[in-house]
Amino acid sequence: MKRRDFVRLLGGATVAWPLVPRAQQPAIPTLGFLHAGSPERNVDLVAAFHQGLSESGYVEGRNIAIEYCWAEDRYDRLSALAAHLVRRKVTLIAATSTGAVLAARQATSTIPIVFNFASDPVELGLVASLSRPGGNITGITFLSGELAPKQLELLHKLVPTASTMALLVNPTNSTLAESVLRDLQMATRRLGLRLHVMLASSERELNQTFAILAQLQPGGLIIGADAFLDGRIGQIAALTVRYLLPAIYQFREFAAAGGLMSYGTIHTDPYREAGIYAGKILVGANPGDLPVQQPTKFKLVINLKTARAFGLEVPRPLLVRADEVIE
Amino acid sequence: MRSAAGRLFNAAHAAGAAVVRSRLFLKYAALFVAVVCLALLANGLVEFWFSYQDYKALLVRSQREQAVAAAEKIGQFIEGVKGEIGWMTQVPWSEYSREEQYLDALRLLRQVPAITELAQLDPAGHEHMRVSRLVMDVVGSGLDLSREPKFTEAVAHKIYYGPAYFRRDSEPYMTIALAGALRDSGVSVAEVNLKLIWDVVSKIKVGKRGYAYVVDSAGRLIAHPEINLVLRNTNLSQLAQVQTAKAGVPEGSGEQVLVAKDPQGHEVLTAYAPIAPLGWSVFVDLPTEEAYAPLYASVLRSGALLLAGLALAVLAGLFLARRMVVPIQILCEGATRIGGGDFGQRMSIKTGDELEVLGEQFNRMAAHLQDSYANLERKVEERTHQLEAANLSKSRFIAAASHDLRQPLQALGLFVAQLRGRVSAGERERIVDRIGTAVGETNELFNALLGISKLDAGVVEPSLSDFPISRLLQRLETTFTGAAHKQGLRLRVVSSGAWVRSDIILLERILLNVVSNAVRYTSHGGVIVGCRRRGGRLRIEVWDSGPGIPEDQRQKIFDEFYRLAKPERNRGGAIGLGLAIVDRLCRMLDHPIELTSSLGRGSRFTIIVPAAVPQLLSEVATSAQDARDAASGKTVVVVDDAALVLEGMGGLLRRWGFRVVVAQSYKQALAQFGERDKRPDLIVSDFHLPDGETGIEAIEQMRDGFGMSIPAFLVSGDTSPERLREAHAKGYYLLHKPVSPMRLRAVLNQVLNDHAKQRTEEDDDNCSIVALSGISPSPFAQP
């Protein structure tokens, strides 16, 4: 053996030493995924959540098992589902939508909960503060509730002559609905507008609501954040077009589906962030130390086609402001 | 037997050798390993030190560069924001329509995602408009902000960077206010979300796990890849590196990289760079673990190499030591075996150096030893055979002597028995004569035995002198003429005027024996003694007309107690020792003896003696016998433990005219003289005295006691040569019991005369007593 080969061999041995494989972990943790909607309407969002998990080093089936609990838009089932997950002794609950978070919170105060919703968690008493949640709960809020006045303002720029506005909320998602309603009532008062509040927690009610709206003929419609409504964006967009209702919604998908405009965060972003947070907690982070995250990117999307179809002229400031214009 | 013992011996020594071998081996191996290891270690350490320094310098530089680059990027980010806002303030307030302003503000929001809110103040400090991403826009509020720093500072310095603050206690924000270059150009106030610096910071990659973060002048964390830390509004003013940065260590001083704890409490190698206009600092942290990982890897590698080197050194050391020690071990074992008596041992060392030469020398030495040893063994064997033969002849000699002694004793016993009976006066006389003859024979036999004993003991020293041979021839004639006539033989001694060099007494003894034999064994005819001169020698020849000696017995006749068969005649007095004595004496005097003989016609014995130059004969006292009788008036002390001897010898000496003191020990003797106040003139002591004392001691004690040298001689029944030798060593005569009165008388006279002569010499020339040891006593007394 030549000296060089020998040295190389030694070098190899030295480097290889620390690379001795570690023992496999005996059992993989189980994550409970609690959602108010149904899986078929949320495929993209679940994918975003998986992506976030994988960014933290977890891949379903390999080093994490996920138990999915879908309420199928029946918010009254959330409590039972949350209790089921607690009974299953899952390592962590990822809860989406305000109702689901509250249900999970009710079911356990020890299992870490990562939320992903539109409400203000401080206001709901879920966390002590955004920077230091303190308990077993943390997550992402996409501030949809707070954004409602801004959405009203933007919509009003497009229909400046309107004197009444309508708000569509899901009454079963009462907490969020109430908060949105409160903010919006203040905003409409400032702008000197009247506000109709429309309620829908099922597809039948949704259709009925639009029938009523057709009769009420409000100047514009603001659609509140809600998992049930989120799952039916295409359907709602079609309804607003059918009834010629200028409407604004938080997600771009609404404008893309023919709705007039959207303002808010990117729909999948909070899911991804929630996945990352879940991963961090699984690794060992204390949820009480992880601050509640808020979105930083807001997008204004205007569907000019729809505007033209409604006979609306989009004022210049709105066009300037728009991040995207769909022709 | 010897080989088994040798093996044991070798095994024991081999064990010892093994211990030594391992010591030497260890010594060599340890020395070699130590030298190589030291070199390797020193080299490794020096190399490690330099690479450590180089690597640290490199780390310092690289991290510092990272920090500077990060600071630049963040500076650019802020500058970018500032530049974008700058568009809002380029147009004078009076010429800037509110509508344009609003649109510009909206554009700005769209272009700069970091700006969450933008307010436009008129030159007087009143808010005219505020657009926001989160809340409803406000137009024409007229809010008076003229006293706010964001306005006053911006007007004063054209730019104002507000302190970082946290919205809802979590989102980091900063106010940037910008005043236009023109006097009435109003002020734009932007609320910048610093979370977007995260984009910048998180893209800074330092190694694998290193990262950059930004801290404001108050020590609060503004940007960190781990955004949670920022959102938690973390204050880092307690960190060492933050304090160092705050203290403002000058650039390039090398102090900018240090090992400290990061916000999570891990140890990191940290460097920082200031973001000048903001008073912030960018820190670049690299976990020391990672920073030094390549160094550790290199140390491990070096360590492994070192270990390998050491292992090789040890192997090489062992190998070399073995090469060195194995030949030495072979030498050692070989030497041990040779030392243990295994001379057949040969070593095989093929090292081609001095050790091989040494091995060969050892082999040669062993070969020599083997030869000498074999020689020695042969000699020992020969000697053993000789000794055995000598022992055997001694036994034969003793057997013969005792047989010959028994004969006269037997005869004596018979005669004594006859005397006890009634015998006539004539008969008694005849018997007493016979007894006298038997006693004489016994005496003769004892004397002969004593002579042989003396000769064998080597105590007889020849005293050579030149003398005329005629003196001996005359004596032979007088001695044997009577005996020859009795046997009807003719004895003719041819006289000669030659002189010879020999011991007169010993030569006389030789001739007496030879002639006596000739006379004894010749029944008719005669015996002739004559001399012939041959060169420098004189041949003294003794012819007889006896039966002759058979060829095969010519050597044996010189053995002790050998007698030729002669049944027809009474051998009368032949004891068979004569020729044995002759043989010994001739050898001692170096006088060759020749024998020619023909059976039935006779024999001739020839003694060859060196001739001497004839001298004038002076009137010398012929012998001790002629000296004056010195007994009259002398005192003799006789010491003997046997009362009978004391009585006999005392009576005899008194009859000769001596005064005699007898004692059983020297103390007794001294005591008797103490009373009488007289000194003895002669001491006669038995050799063996009571209480283990010897006669020699007794004589010396008495000499000391009287304080003078007193003539003395010893008498002993012990005929062993040792006694004789001891006595001679001290210069004393030793007479063997039984001592004949005549012999006693002769010795007495000689000792007294010698003493008198010695005293005369002492008087003459102060000669010392040493002369005593020079006395050559006559070993044979005439019966």
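Cut-offs applied
- Residues numbered from 1 in each chain as written.
- Chains lettered and ligands numbered in written order.
- Predicted model: local features only at pLDDT ≥ 70, side-chain atom pairs only at ≥ 80, totals over all residues.
- Heavy atoms only, no water.
- 1 Å grid on protein atoms, 1.4 Å probe; cavity = no way out; pocket = protein on both sides within 12 Å on 5 of 7 lines; lining within 4 Å.
- Points joined across faces, edges and corners; volume = space filled by probe spheres on them.
- Helix = DSSP H or I, 4+ residues; strand = E, 2+ residues; numbered from the N terminus.
- Nonpolar A, V, L, I, M, F, W, Y, C, P; charged D, E, K, R; others polar.
- Contact = heavy atoms within 4.5 Å.
- Buried area = accessible area lost by both parts, 1.4 Å probe.
- Salt bridge = Lys/Arg side-chain N within 4 Å of Asp/Glu carboxyl O.
- Polar contact = N/O pair within 3.5 Å; in protein donor to acceptor, adjacent residues only side chain to side chain.
- Pairing = 2+ DSSP bridges.
- Axes fitted to C-alpha atoms, helices over the stretch in contact; angles between N-to-C directions.
- Patch = residues over 30% accessible without salt bridge, like charges linked within 9 Å, V, L, I, M, F, W, Y side chains within 5 Å.
- Areas by Shrake-Rupley, 256 points an atom, 1.4 Å probe, with all protein chains shown as cover.
- Phe/Tyr/Trp six-rings, centres within 6.5 Å; stacked < 30°, edge-to-face > 60°.
- Lys NZ or Arg CZ within 6 Å of the ring centre and 35° of its normal.
- Buried < 20%, exposed > 50% of the residue type's maximum accessible area, 1.4 Å probe, protein only.
- pLDDT = per-residue confidence, 0-100.
- Arc of directions from axis to C-beta.

1. Some points on the layout of surface pockets
Then, number 1: In this structure, the second largest pocket occupies an estimated 840 Å³ of space.
Then, number 2: Along the walls of the second largest pocket sit 27 residues, with Arg272, Glu273, Ile276 and Gln293 of chain A together with Trp198 of chain B positioned nearest its centre.
Then, number 3: Sorting the residues of the lining of the second largest pocket by element identifies helix 11 (269-283) of chain A together with helix 4 (197-203) and helix 5 (227-231) of chain B as the ones contributing at least two each.
Then, number 4: If one sorts the elements of the lining of the second largest pocket by residue count, helix 11 of chain A sits on top with 8 residues.
Then, number 5: Residues that form the lining of the second largest pocket fall into these classes: 10 nonpolar, 8 polar and 9 charged.

2. Focus: the interface of chain B and chain A
Then, number 1: Contacts between chain B and chain A engage 32 residues on the former and 38 residues on the latter.
Then, number 2: Of the roughly 3100 Å² buried at the junction of chain B and chain A (both faces included), carbon and sulfur atoms supply 56%.
Then, number 3: A per-residue breakdown of the area chain B buries against chain A is headed by Met136, Arg168 and Arg232 of chain B, which together make up 25% of the total.
Then, number 4: Run the count over chain B and chain A and you get 2 salt bridges.
Then, number 5: Between Arg321 of chain A and Asp137 of chain B there is a salt bridge; the shortest N-O distance is 2.4 Å.
Then, number 6: Inspection of the region where chain B meets chain A yields 8 residue pairs in polar contact (both at pLDDT 80 or more).

3. As for the sheet that holds strand 1 (residues 30-35) of chain A
All names here are of chain A.
Then, number 1: Sheet architecture is open: 5 strands sit in the order 2-1-3-4-5, paired in parallel fashion. If you trace the sheet from one side to the other, it starts and ends with strand 2 (65-70) and strand 5 (137-141), each paired once. Averaged over all adjacent pairs, the angle separating strand axes in this sheet is 15 degrees, with direction ignored.
Then, number 2: Both strand 1 and strand 3 (residues 92-96) contribute to a ladder of 5 bridges, which runs parallel. Bridge pairing in strand 3 links Leu31 to Leu92.
Then, number 3: Along the sheet, helix 3 (residues 78-87) contacts strand 1, strand 2 and strand 3; its crossing angle with strand 1, the most-contacted strand, is approximately 180 degrees.

4. A short note on a nonpolar patch on the surface
Then, number 1: A surface patch of nonpolar side chains, amounting to about 340 Å² of accessible area, comprises Leu312, Val314, Leu315 and Leu318 of chain B.
Then, number 2: For Leu312 of chain B, the position within the fold is in helix 8 (residues 293-339).

5. Here's the deal with the packing of aromatic side chains
Residue and element names in this part refer to chain B.
Then, number 1: Summed over all chains, the structure comprises 16 aromatic pairs over all chains.
Then, number 2: Members of the aromatic cluster, connected to one another through ring pairs, are Phe48, Trp49, Tyr52, Tyr292 and Tyr296.
Then, number 3: Its guanidinium or amino end placed over the ring of Trp93, Arg98 lies 4.4 Å from that ring's centre, counting from NZ or CZ.
Then, number 4: Here the basic side chain of Arg167 rests over the ring of Tyr173, its NZ or CZ set 4.7 Å away from the ring centre.

6. Focus: the sheet that holds strand 21 (residues 659-663) of chain B
Residue and element names in this part refer to chain B.
Then, number 1: Read from one edge of the open sheet, 5 strands run 21-20-22-23-24, paired in parallel fashion. A single partner strand is all that each edge strand has here, and the edge strands are strand 21 and strand 24 (733-736). Neighbour-to-neighbour, the strand axes of the sheet open up by a mean angle of 20 degrees, direction not taken into account.
Then, number 2: Pairing between strand 20 (residues 635-639) and strand 22 (residues 682-686): 4 bridges, direction parallel. Residue pairing in the sheet places Val636 in a bridge with Leu682 of strand 22.

7. Notes on the pattern of salt bridges
Then, number 1: Taken as a whole, this structure holds 26 salt bridges over all chains when the rule is applied.
Then, number 2: Note that Lys150 of chain A and Glu153 of chain A form a salt bridge whose closest N and O atoms lie 3.1 Å from each other. Of this pair, Lys150 of chain A and Glu153 of chain A are both found in helix 5 (residues 144-158), 3 residues apart, which corresponds to roughly one turn of the helix.
Then, number 3: The class for Lys150 of chain A is buried, based on a relative accessible area of 0%.
Then, number 4: For Glu153 of chain A, a relative accessible area of 6% translates into the label buried.
Then, number 5: Two residues, Asp466 of chain B and Arg501 of chain B, come together in a salt bridge whose shortest N-O distance is 2.8 Å.

8. Points about the confidence of the model for chain B
Residue and element names in this part refer to chain B.
Then, number 1: Per-residue pLDDT for chain B averages 79, and the proportion of residues at 70 or more is 88%.
Then, number 2: Here residues 567-573 is a poorly scored stretch, pLDDT under 50, and it has 8 contacts once near neighbours within four places are set aside; other chains count.
Then, number 3: Counting interchain partners and residues more than four positions distant, the pLDDT-below-50 stretch residues 618-628 has 5 contacts.
Then, number 4: Across the interfaces of the predicted complex, the ipTM metric reaches 0.82, alongside a pTM of 0.53.

9. Topic: helix 17 (residues 721-730) of chain B
Residues and elements named next belong to chain B.
Then, number 1: Of all the positions in helix 17, only Arg723, Leu724 and Ala727 are classed as buried. The buried residues of helix 17 occupy an angular sector of 100 degrees when projected down its axis, which confines them to one face.
Then, number 2: On its buried face, helix 17 sits against helix 10 (425-457), helix 16 (695-706), strand 23 (712-716) and strand 24.
Then, number 3: With its phi angle positive at about 85 degrees, Gly731 sits one or two positions after the end of helix 17.

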